Amino acid sequence: MQRRAFTLLELLVVMAIVSVLALLGLGAAGGVKDHAQAAQCVSNLRQLATANLAYAADNEARYVTAQDITNTVRWHGTRDGDGSPFDPTKGPLAPYLGTEGRVKLCPTLRDALKGTDTFEEGTGGYGYNAVYVGGTARDIYIGERMANVPRVSLTVMFTDTAFPRANGLQEYAYCEPFRSIDAAGRLRGVLSPSVHFRHASRANVAWCDGHVSGETSSQLGTTNSYGGDAKKTKIGWFGPNAENGFWNPARSYGSVPGN
């Protein structure tokens, strides 16, 4: 019996179907990878929040200080002086961060600037609420007391962060609220945002009670003085902006974000 051969058209159709199936498979694999990376980020942030709570328990119930007056010690590491790199294994939280003794890198922040192209490394891609938790209006170089954060489930501790520059994204140690505050706690100028909505347009957020949630942006930033485009790179803020919203422990909005 003579076998019927495939025509060129039939072969092209089969090849097209195989290509589509391959693309669908790659898309599904990419989705699984993105989900796994977001889950690792959640784990990193939960470890950070737990470390800060343990630190406070050992240090007169004060959260870790965002930075010291010399700017050589920050919550994520220490350095010899201005301009030198931070050593993330010698930060004040290092003893509470497991065997690695450092902040773990968010796997989604793959292409952060390095070396002389940046002024920040070792944060893992996370930023601290330096204005209300890692410092106070009265003294920015001392962490807030736990007792002065009454709404722990509604107060930001750490978030995914990055800072846009003309030549790319860099790590950034602080999750900036909407506006700065003066020594009396009064709102002042608008800040450049740093919360990075890098997980399918969500940012992972660790709150002062230790829980972690994924938040969508309520407002994205614009171009900053470093030539970075915050809107294009999905950097901004989340939640209400009144009185600095979820950054400010004095504010309450009635429900726990992410629940």
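Reading the values: the criteria
- Residues numbered from 1 in each chain as written.
- Predicted model: local features only at pLDDT ≥ 70, side-chain atom pairs only at ≥ 80, totals over all residues.
- Heavy atoms only, no water.
- Helix = DSSP H or I, 4+ residues; strand = E, 2+ residues; numbered from the N terminus.
- Buried < 20%, exposed > 50% of the residue type's maximum accessible area, 1.4 Å probe, protein only.
- Contact = heavy atoms within 4.5 Å.
- Areas by Shrake-Rupley, 256 points an atom, 1.4 Å probe, with all protein chains shown as cover.
- Pairing = 2+ DSSP bridges.
- Axes fitted to C-alpha atoms, helices over the stretch in contact; angles between N-to-C directions.
- Core = buried A, V, L, I, M, F, W, Y, C linked by side-chain atoms within 4.5 Å.

1. Notes on the overall build of the chain
Within the chain, the regular secondary structure consists of one helix and 13 strands. Counting from the amino terminus, the chain carries its helices and strands in the arrangement α-β-β-β-β-β-β-β-β-β-β-β-β-β. Split into buried and exposed, the 259 residues of the chain put 45% on the buried side. Here the analysis covers contacts within the chain between residues at least 6 apart in sequence; of these, 65% occur between residues at least 24 apart. Carbon and sulfur atoms provide 56% of the accessible area of the chain, an area that totals close to 13200 Å².

2. Examining the sheet that holds strand β10 (residues 202–207)
The four strands lie next to each other as β3-β4-β10-β11, forming an open sheet whose pairing is antiparallel. Here the strands that pair on one side only, and so sit at the sheet edges, are β3 (126–128) and β11 (212–216). Along the sheet, successive strands turn relative to each other by an average axial angle of 30°, direction set aside. With three bridges connecting them, strand β4 (residues 156–160) and β10 associate as antiparallel partners. Following the sheet pairing, Val156 is matched in β10 by Trp207.

3. Brief notes about unusual backbone geometry
Positioned with a positive phi, Glu60 is a non-glycine residue whose angle comes to about 55°. Its place among the elements puts Glu60 in the loop between α1 (8–58) and β1 (73–74). Of the residues examined, Glu60 reaches a relative accessible area of 64% and is grouped as exposed. For Asn71, which is not a glycine, the phi torsion comes out positive at approximately 60°. Assignment of secondary structure puts Asn71 in the loop between α1 and β1.

4. Quick notes on the sheet that holds strand β13 (residues 235–237)
Within a sheet, adjacent strands bond to each other through the backbone by hydrogen bonds, running parallel or antiparallel. Reading across from one edge, β9-β13-β12 is the order of the three strands in this open sheet, with antiparallel pairing throughout. Unpaired on one side and paired on the other, β9 (195–196) and β12 (219–220) mark the two borders of the sheet. Sheet topology places β9 next to β13; two bridges connect them, and they run antiparallel. Considered in β13, the bridge of His196 is made with Ile235.

5. Some remarks on the nonpolar core
Among the nonpolar cores identified, the biggest contains 29 residues, and Leu45, Leu48, Trp75, Leu93, Tyr126, Tyr128 and Phe158 are the most heavily contacted of them. Taken together, the elements giving at least two residues each to this core come down to α1, β3 and β4. At seven residues, the largest contribution of residues to this core is made by α1.

6. Remarks on the pairing of β11
As defined by bridge partners, β10 adjoins β11 across five bridges and the pair is classed as antiparallel. Bridging from a neighbouring strand, Asn204 pairs with Gly214 of β11. The antiparallel pairing of β10 with β11 creates a hairpin that spans four residues between the two strands, and Gly210 there sits at a positive phi of about 100°.

7. Points about the side chain of Thr136
Structurally, Thr136 can be placed in the loop between β3 and β4. Excluding residues that lie within four positions of it along the chain, Thr136 makes contacts with Val131, Ile142 and Glu144.

8. A look at the environment of Ala137
Looking at the secondary structure, you find Ala137 in the loop between β3 and β4. In sequence terms Ala137 and Ala183 are 46 residues apart; their C-alpha atoms lie 4.6 Å from each other. Apart from the residues lying within four places of it in its own chain, the contact partners of Ala137 are Val131, Ile181, Asp182, Ala183 and Gly185.

Such coordinate-based values are descriptive only and should not be taken to indicate function.
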